[in-house]
Amino acid sequence: MPGGHSQTLRPFLWRAETLYPDQEIVSRNHDGMQRYTYSEYADRTAQLANALDEYGIEEGDRVATFCWNHSRHFETYFAIPTIGAQLHTINPLLPDEHIQYIVDNADDQLVFVDQSLAPKLASAAEGAEEFEGVDFVVMGAEESDALDATPYEEFIDGHPTEYDWPEVDEEQPAGMCYTSGTTGRPKGVEYTNKMLWSHTMATLTPQGIPMADDDVIMPVVPMFHVNAWGMPFTATAAGAKHVYPGPQPDPEDIANLIQNEGVTVTAGVPTVWLGLMDYCKNNDVDLSTLDTVIVGGSAAPQSMIRWFDDRGVEVLHAWGMTEMSPIGSVSHLKADLEDADYDTQLDKRAKQGIMVPGLEFKVINEEGEQITHDGEEFGELYVRGPWVTKEYFKRPDANEEDFEDGWLKTGDVVTVDPDGYLKIVDRAKDVIKSGGEWISSVELENAIMAHDGVSEATVIGVPHEKWQERPVAFVVPVEGADRESMVDEIYDMLREDYPKWWLPDDIEFIEEVPKTATGKFSKKDLREQYSDHSLVEGNVPEDAAPDSDD
Ligand code: AMP
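Rules used in this analysis
- Residues numbered from 1 in each chain as written.
- Predicted model: local features only at pLDDT ≥ 70, side-chain atom pairs only at ≥ 80, totals over all residues.
- Heavy atoms only, no water.
- Axes fitted to C-alpha atoms, helices over the stretch in contact; angles between N-to-C directions.
- Helix = DSSP H or I, 4+ residues; strand = E, 2+ residues; numbered from the N terminus.
- Parallel < 35°, antiparallel > 145°, perpendicular 65-115°, else oblique.
- Contact = heavy atoms within 4.5 Å.
- Nonpolar A, V, L, I, M, F, W, Y, C, P; charged D, E, K, R; others polar.
- Buried < 20%, exposed > 50% of the residue type's maximum accessible area, 1.4 Å probe, protein only.
- Arc of directions from axis to C-beta.
- Near = heavy atom within 4 Å.
- Polar contact = N/O pair within 3.5 Å; in protein donor to acceptor, adjacent residues only side chain to side chain.
- Areas by Shrake-Rupley, 256 points an atom, 1.4 Å probe, with all protein chains shown as cover.
- Left-handed = near helix turned anticlockwise from the far one by under 90°.
- Pairing = 2+ DSSP bridges.
- Phe/Tyr/Trp six-rings, centres within 6.5 Å; stacked < 30°, edge-to-face > 60°.
- Lys NZ or Arg CZ within 6 Å of the ring centre and 35° of its normal.

Asks: I'd like a description of the packing of helix α10 (residues 251-261) against helix α11 (residues 270-282), backed by residues and values.
Replies: Contact geometry for α10 and α11: axes closest at 9 Å, N-to-C directions at 80°. Classified by the interaxial angle, the pair formed by α10 and α11 is roughly perpendicular. Of the residues in α11, those touching α10 at P251, E252, I254, A255 and I258 are V272, W273, G275, L276 and Y279. When grouped by side-chain class, the residues that make up the contact of α10 with α11 number eight nonpolar, one polar and one charged.

Listed below in C-alpha cells is the structure:
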C-alpha cells in the first residue's frame, strides 16, 4: 500500500520547509546567537539524520539529549523521530543516580549533551556501569574537557543536506520523557508519533494554545521537560518563527529576547514569570509584542494574571502532565463568560481550565463515585485520549497503580464547577485528611503566601492519633520579616476564609522549601521529619485547634 497516511511528525517538517522556507529560527546558543531559516534548519536536520545513520542508529533505537533550549537541540527534535528512532530527552537537573537509572532503563546508546552540562553528565557517567558503551556528542563546543565526546558540528559536517524520510509507523515511539516523581524511581513515558501528531493538532485549535505563521514562539519551559509542552512541534506545524532562550536564561535574557525578537507567545512555569515581573520593577521592558503567556506546571496566581492583563498580555493557564504529552486543559473563557465582570473572569482564568478538544475526563470521589460538578466536591481526576499514555515503560507495578480501565489516574484532586472548569485542589498524596474530611494543602499554601512577609510556604499533613492527620505549615519568610507578629497575622488571615479545623497546628519557619527537579515543592523530606504529631511543637492559638470546636 502506498504510504503517507500515517499520523507522524514528518508532515510538520515538510510543511515548514516547503511552505515557509524563509521563516526564522533564532537561538541563544552556547557559542553566541544563531539565526537561520527553516530551509537551513531542514538541511541541517537532514545532515543530522544522515550522521545518525552512519553512526548506526536504526529504526526503534533510542537517542538521548541532555540539553537546554536551543536550535541544535531543536534539530534532534525532528531528525531523530523522522528517521524512525526515538528522542529521549533527559532532565539534567535530576540527581546522578536517577540519570544512571534512566539511561540504563531506556537503553540509550548515544547522548547529545550541552557543553555547559557535560560536567554534570560526566559526574553521573563516571564509573557507572549504566553508561558502559554509551557515546557522547557535545553541542556548542569544539571539544569537551569533561567527556570524551564528538563535537556536534563535526558529527554532522559533510553529510548530505537531503534525506529520503522513510514511512514510519504511527505507533512507533517518537519521544520519551521520565516523570520526576517526588518519591521512588522516575517512570518512563513513551510518546508515539500518533500521540505527538494528535497533541500538535489539538493544541493548535482555538481552545488549545493557538498559534499561526505570524507568531513568534519562545518556549522557556525546558525542552527536556515533555518536549517543552510540545511547542517546537506546534510552532513548526504552524510555520511560526521560533526563538530559543538557550542555557539557563535569566529574566534579563528573557526580557531581551521578547523585545529584540518580537515574541508573541511564550510559555513557562510561574517562577519564570515571577522573575520577569520582578526584573520589570527596575528595568524598562517593552512587552508590547507579547500576546500570550502560557503558564503551567504549577498554579498561576491571580496576581500574575492581573499583572500581565495590565500590560495587555493574556495569560493562558494550562494544566498537563508528562503522561499527557502534556497538555490537558487550558483556561480559556467560555463565550458566555465574555460579559461577566472582571473578578468573575479572573476566578475562572486562575482555575486550570477546560479540557482541550479530543480528551475526556471523570472525577472520582473516595466512595468510588463521580462527583457533582458544583465547584465544591473533591475527587481524583481521571483522563483518557489519543495523546494520553496507556502505560509506563517497563513498569508493570506503576501501571497497576496509575491506570484503570483505559483511564490514567492523574493523582490530581480537583473540583469541577458548573461551567466545566477544573480546579486542582491538591495532589492525591498531599491532600490532608482530618477527622474524615479533606483539607487542600495547596489552598492553605496559597492563602499563607498571600501574606507580604512570606516568600514561600508549604503545608503537609502530619499523622495524628485522633484526627488521622493535621495540617502543619512551613514558611520561608522574606528578609527582615517580623516572625513573631507574622504567625498571628497569618492565623488571622486564615480564620477569615477557612473553618477552624483547616488552620495548621503549627507554622514553622524554614530557610527554603525543598524542590523537585522540575521545580515543584517536594514535601518528602518534611514528611519524613514530621512523621509523628508529637514532634510538632504547636504554636496554634487555643481557639484554632479542632478540639476547640463547640
Ligand atoms: P509533570 O508531569 O512533571 O509535568 O507534572 C504534572 C503535575 O504538575 C500535574 O499532575 C499537576 O499536579 C501539576 N500541574 C501541572 N500544571 C498545573 C497547573 N496549571 N496548576 C497546578 N498544578 C499543575
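Further notes follow.
Asks: Any chance you could break down helix α13 (residues 342-349) for me, citing the residues and the numbers?
Replies: Buried within α13 we find Q345, L346, K348 and R349. Viewed along the axis of α13, the buried residues span an arc of 160°, placing them on a single side of the element. On its buried side, α13 packs onto α12 (302-310) and β14 (314-320).

Asks: So what about the site of the ligand? Which residues, and what values?
Replies: Surveying the vicinity of the ligand reveals 16 residues, the closest of which are A318, T322, Q352, D412 and K520. In this structure, S298 approaches the ligand through a main-chain N or O atom, which is 3.5 Å from a nitrogen atom. Burial of the ligand by the protein chains amounts to 88% of its free accessible area of 490 Å². Ranked by residues supplied to the shell around the ligand, first place goes to β14 with four residues. A class-by-class count of the residues in the shell around the ligand yields five nonpolar, eight polar and three charged.

Asks: Got a sec to walk through the packing of helix α15 (residues 441-449) against helix α16 (residues 483-497)? Specific residues and values, please.
Replies: Following both chains from N to C, one finds α15 and α16 inclined at 125°, their axes separated by 10 Å at the closest point. By the angle between their axes, α15 is oblique relative to α16. Once α15 is placed against α16, the crossing between them reads as right-handed. Residue-level contacts link L444, A447 and I448 of α15 to I490, M493 and L494 of α16. Each residue belonging to the contact of α15 with α16 can be placed in one class, and the counts come to six nonpolar, no polar and no charged.

Asks: A description of the sheet that holds strand β9 (residues 187-192) should follow, citing residues and the corresponding values.
Replies: A sheet is described by the order of its strands in space; here seven strands give the open sequence β7-β6-β5-β3-β4-β8-β9, paired in mixed fashion. Looking at strand neighbours, the two that pair on one side only are β7 (150-151) and β9, the edges of this open sheet. Here strand β3 (residues 62-66) runs beside strand β5 (residues 110-114); their pairing, made up of four bridges, is parallel. Across the sheet, V63 pairs through a bridge with L110, a residue of β5. On the sheet, helix α4 (residues 96-106) packs against β3, β4 (86-89) and β8 (173-179) and is oriented at approximately 150° with respect to β8.

Asks: Outline the packing of aromatic side chains, listing residues and values.
Replies: Throughout the structure, instances matching the rule amount to 19 aromatic pairs. Where F378 meets W438, the ring centres are 6.0 Å apart and the plane angle is 40°; that geometry is what we call tilted. In this pair, F378 is assigned in the loop between β17 (360-364) and β18 (379-384) and W438 in strand β23 (residues 437-439), connecting sequence segments 60 residues apart. Since its relative accessible area comes to 17%, F378 is described here as buried. Owing to a relative accessible area of 16%, W438 belongs among the buried residues under this scheme. Ring geometry for W501 against W502: centres 6.2 Å apart, planes inclined by 65°, an arrangement best described as edge-to-face. Take W502: its relative accessible area is 8%, and that puts it in the buried class. These aromatic residues form a ring-pair network of at least three members: Y36, Y41, F74, Y77, F78, F233 and Y244. The cationic tip of R483 hangs over the ring face of F509; the distance from NZ or CZ to the ring centre is 5.0 Å.

Asks: Please set out the sheet that holds strand β10 (residues 216-219) residue by residue, giving values where relevant.
Replies: Within a sheet, neighbouring strands are paired by backbone hydrogen bonds and run either parallel or antiparallel to one another. The strand order across the open sheet built from nine strands is β2-β1-β11-β10-β12-β13-β14-β15-β16, with neighbouring strands paired in mixed fashion. Looking at the sheet topology across the chains shown, the edges are occupied by β2 (32-37) and β16 (354-355). For strand β13 (residues 292-295) and β14, the ladder comprises four bridges, and the chain directions are parallel. Looking at the pairing, V293 lines up with V315 of β14. Packing of helix α9 (residues 231-238) onto the sheet brings it into contact with β10, β11 (241-244) and β12 (265-268), and relative to β11 it is tilted by some 155°.

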